[in-house]
Amino acid sequence: MGCAYSLETVSVNVAKRIFDAVIVGAGGAGLRAALQLSEAGLKTAVLSKVFPTRSHTVAAQGGVAASLGNSTEDHWHWHMYDTVKGSDWLGDQDAIEFMVRKANEVVIELEHYGMPFDRTDNGKIYQRPFGGHSMNYGKAPVMRSCAAADRTGHAMLHALYQRNVRAHTQFFVEWMALDLLRDADGNVLGVVALELETGEVSIFHARATIFATGGSGRIFYSSTNAFTNTGDGLGMAARAGIPLEDMEFWQFHPTGVAGAGVLITEGVRGEGGMLRNASGERFMERYAPNLKDLASRDVVSRSMVTEINEGRGCGPDKDHVMLDITHLDPAKIMKRLPGIREISIQFAGVDPIRAPIPVVPTCHYQMGGIPTNYKGQVVAPRDGNPNSPVPGFYAAGECACASVHGANRLGTNSLLDLLVFGKSAGESVVADFKAGNLSLRPLPTDVAERTLARLARLESQKDGNAVPEVRLAMQRTMQKHAGVFRFKDLLKEGVTRILEVAESARTTCIQDKSRVWNTARQEALELDNQIEVAKATMISAEARKESRGAHVRDDAPDTPEHPNGRDDQNWLKHTLWFSADNHLEYKPVSLKPMSHDVEPIALAKRTY
Amino acid sequence: MSKRTVRFKIYRYDPDKDAAPYMQDISVELDATDKKLLDALVRLKAKDDSLSFRRSCREGVCGSDAININNKNGLACLTDIDSLKQPVVLRPLPGLPVIRDLIVDMTQFFKQYHSIKPYLINDDPPPERERLQSPEEREELNGLYECILCACCSTACPSFWWNPDKFVGPSGLLNAYRFIADTRDQATSERLDNLEDPYRLFRCHTIMSCVDVCPKSLNPTRAIGKIKDLMVRRAI
């Protein structure tokens, strides 16, 4: 067949499809947004690289946070306090108030959609304790995580997909969005996308574009994330001139299966599991006397790495610790943690009823992303306003930064985030559409040229670098230079190194030139997106000269003047990274809640 | 397990260049850390980037990487590579059209899933709080709601091979029963009507291949039996 894509042939072949709205991604956030649009009757296209129920929301395990108070007393004020404290005060308090106050509503909606939550004896939604969630402002653990066994994400994603089937949502399954389309004034006009089965390239021209493309944890070598989590939304936004916010903040989940990286939910510790070092000591008692194993994830991960670094790790290489639930009733494990038992047997070779699970902190979640406000509108600096909405552009879920997670996310707040902001992004589009604020702006004639140039370059590249090799170099670099603990010198060197890797990614080369389901081409295009995320992370991390939440560096230690190494005077601000020249800008954190129903949560030292 | 070389025989077909499908003999050296068949497929792809297959979560919950492994359907990410007889013979799921290599066209499979109205039907105005359900009532959904739509079962079912357009298949029927069994759902009678047909339900001849291959250890045959019981009970 010869070359599938050359600049000459493709420009005439690009089909155009017109919609009111296009949603990229059909995980939890995309599906929740799609429901709003479908039910409002907007002509909507939902694009997904995978069949919707294969999106990575499916892998979430432990639960979704809501202060329903079904088993213990609870209030949204407490949830808000926990989330702000968990964020190490980098979260925007207006967005956080919005999210925690919407929690009950969006969880109850899901129940009405048919989600099979576990139940309490009186028939209500079952809730379990989770890390960093407390009653009465940090006094004791609270039961706030609404769960369907340890398969909450699976139950949620399927319920949302099913509801969309009912609502006749139009899906474009196994289509990959390649680039965001903007006009000269910066208005967003849709995306250009590739159908995997046929290799067809098409423009989706829309009044509104919602990104719900998920995370990009696969930029690290060891990750709980799916192969498909390649940060496509972030890459597309960055290439189109939208900055990425707070990309230095990555969550390392305390309990990935050692070696395999597969996630073991924090719900295991919520149900009574404990972390132990080589001598069998429950070491979290030393690091977090109050919440112990249920301290915030960044705190637990650092404690584990400290144990390992000081020689108290387990196994022949002393390179992991143990997660112990052997003291729990096997019936409880079978009922509440059946998926975890399967995973342990499959990937660690141990039955957790009988033996502890070897675990190690593993890259899990990106706190940063495409900057948005609580309405799900994408915002960027313009005319002196750091939060000026980008016309026609919305984002929700892990790809977005509202920012509710700040420098460290609490477990169960991610499923809540995608529900609340998926819904609010959808509501914003419907409202803007009805108000007549969304027009179908003309497409510039050369709007897809950059994408076609990328495709053509890949087709004709000879003697370039193999995609798996460049990807591995990126993953090793990120793991070594931007891990759980960060070091001034390593960060500096990491910037140089990742820019070299980025340079080598400009000449990636594939052997497979088929038009039909070309996964080699797909992986090369995904790598372009991953490289944007990796650069954003390393450069933002090197620049932030303090320790905060998940970003802890050796030259910003815990001192009386700077508790936990945090420097509020100079660094209580959001990072914005721009791809074009790798420059950074900063914008203030919103320290004021949305309403007068609650006082701002005052800055304090974080202890658990 | 240390470094070792594993031999494969893999079904290959690229409609863009191949006149007909063929079996490719290929082997790959694995690292000590490569434990699952998917690890080996990723290594193979690094060697030959044209090898095409679906994969995503790599932990058995997204349902992407269902293939036919040594004549039995399963998920590549949950299959221990060292448990397999060599050469490991890999084919696309049987009974569905092949798009390329190990990638099949799942349209027919999802059409059947959609045909059972896979969503909760309850026309009462939703209450302010959750609809109540006792732990025992919720327990009825166990073994049903966990389906990952990988299609291992339906494409292992001879009845589905012969009538993919008429027989709902084990996965679709398991999901149909998931809603029938849900105390919150009000459409049992409508759902039974929808299946009362010589093909849609009654083509199941309890061969039980579905149970044998389900990577989540679910039992579609039992769910189908329960639907048949309900049909009989409402007829008398």
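Residues numbered from 1 in each chain as written. Chains lettered and ligands numbered in written order. Predicted model: local features only at pLDDT ≥ 70, side-chain atom pairs only at ≥ 80, totals over all residues.

**A look at the overall build of chain B**
- Looking only at helices and strands, one finds 8 helices and 7 strands in chain B.
- In terms of principal-axis extent, the alpha carbons of chain B reach across some 60 × 40 × 30 Å.
- The burial tally for chain B puts 48% of its 236 residues in the buried class. (Helix = DSSP H or I, 4+ residues; strand = E, 2+ residues; numbered from the N terminus. Buried ≥ 20, exposed ≤ 12 C-beta atoms within 10 Å, placed from the backbone.)

**As for the sheet that holds strand S13 (residues 321-324) of chain A**
Residue and element names in this part refer to chain A.
- With respect to topology, 4 strands assemble into an open sheet ordered S11-S14-S13-S12, the strand pairing being antiparallel. Of all strands in the sheet, those bounded by a partner on one side alone are strand S11 (250-257) and strand S12 (274-276). Looking at each pair of strands side by side, their axes are set apart by 45 degrees on average, direction ignored.
- Pairing of S11 with strand S14 (residues 357-366), which is carried by 6 bridges, proceeds in the antiparallel orientation. Bridging across to S14, Val 257 finds its partner in Val 359. (Pairing = 2+ DSSP bridges. Axes fitted to C-alpha atoms, helices over the stretch in contact; angles between N-to-C directions.)

**Considerations on unusual backbone geometry**
- The peptide bond linking Ala 402 of chain A to Ser 403 of chain A adopts the cis configuration, its omega dihedral lying at -5 degrees.
- Relative to the helices and strands, Ser 403 of chain A resides in the loop between strand S18 (400-401) and helix H12 (413-434).
- The phi dihedral of Asn 582 of chain A falls on the positive side, at around 60 degrees, and the residue is not glycine.
- One can find Asn 582 of chain A in the loop between strand S21 (573-577) and strand S22 (584-588).
- By the C-beta count within 10 Å, which is 15 here, Asn 582 of chain A ends up partly exposed.
- At Met 208 of chain B, a position not held by glycine, the phi torsion is positive, near 70 degrees.
- Positionally, Met 208 of chain B belongs in the loop between helix H6 (188-195) and helix H7 (209-213).
- Here Met 208 of chain B falls in the partly exposed class, since 16 other C-beta atoms lie within 10 Å of it.

**Comments concerning the packing of helix H14 (residues 467-481) of chain A against helix H15 (residues 488-505) of chain A**
Residues and elements named next belong to chain A.
- Two elements in contact, H14 and H15, have axes whose closest approach is 10 Å; the angle formed by their N-to-C orientations is 170 degrees. Our classification of the angle between H14 and H15 gives roughly antiparallel. In this structure, H14 contributes Val 470, Ala 473, Met 474, Thr 477 and His 481 to the contact, and H15 contributes Leu 490, Leu 491, Glu 493, Gly 494, Arg 497, Ile 498, Val 501, Ser 504 and Ala 505. (Parallel < 35°, antiparallel > 145°, perpendicular 65-115°, else oblique. Contact = placed C-beta atoms within 7 Å.)

**A closer look at the sheet that holds S22 of chain A**
Residue and element names in this part refer to chain A.
- Strand order in the open sheet made by the 3 strands is S10-S21-S22, with antiparallel pairing throughout. Taken across any chain shown, the strands that pair with only one partner, and hence form the sheet edges, are strand S10 (244-245) and S22.
- Note that S21 and S22 share 5 bridges and pair antiparallel. Each residue of the ladder has a partner; that of Lys 573, found in S22, is Pro 588.
- Packing against the sheet, helix H16 (residues 519-543) makes contact with S10, S21 and S22, and its axis sits at approximately 140 degrees to S21.

**Re the nonpolar core**
- Core analysis: the largest hydrophobic core is formed by 254 residues, its most contacted members being Ile 210, Ile 370 and Ala 396 of chain A.
- Those residues in contact with Ile 370 of chain A that lie beyond four places of it in its chain are Phe 211, Gly 233, Leu 234, Ala 237, Ile 242, Leu 244, Val 378, Ala 395, Cys 399, Ala 400 and Cys 401 of chain A. (Core = buried A, V, L, I, M, F, W, Y, C linked by C-beta atoms within 7 Å.)

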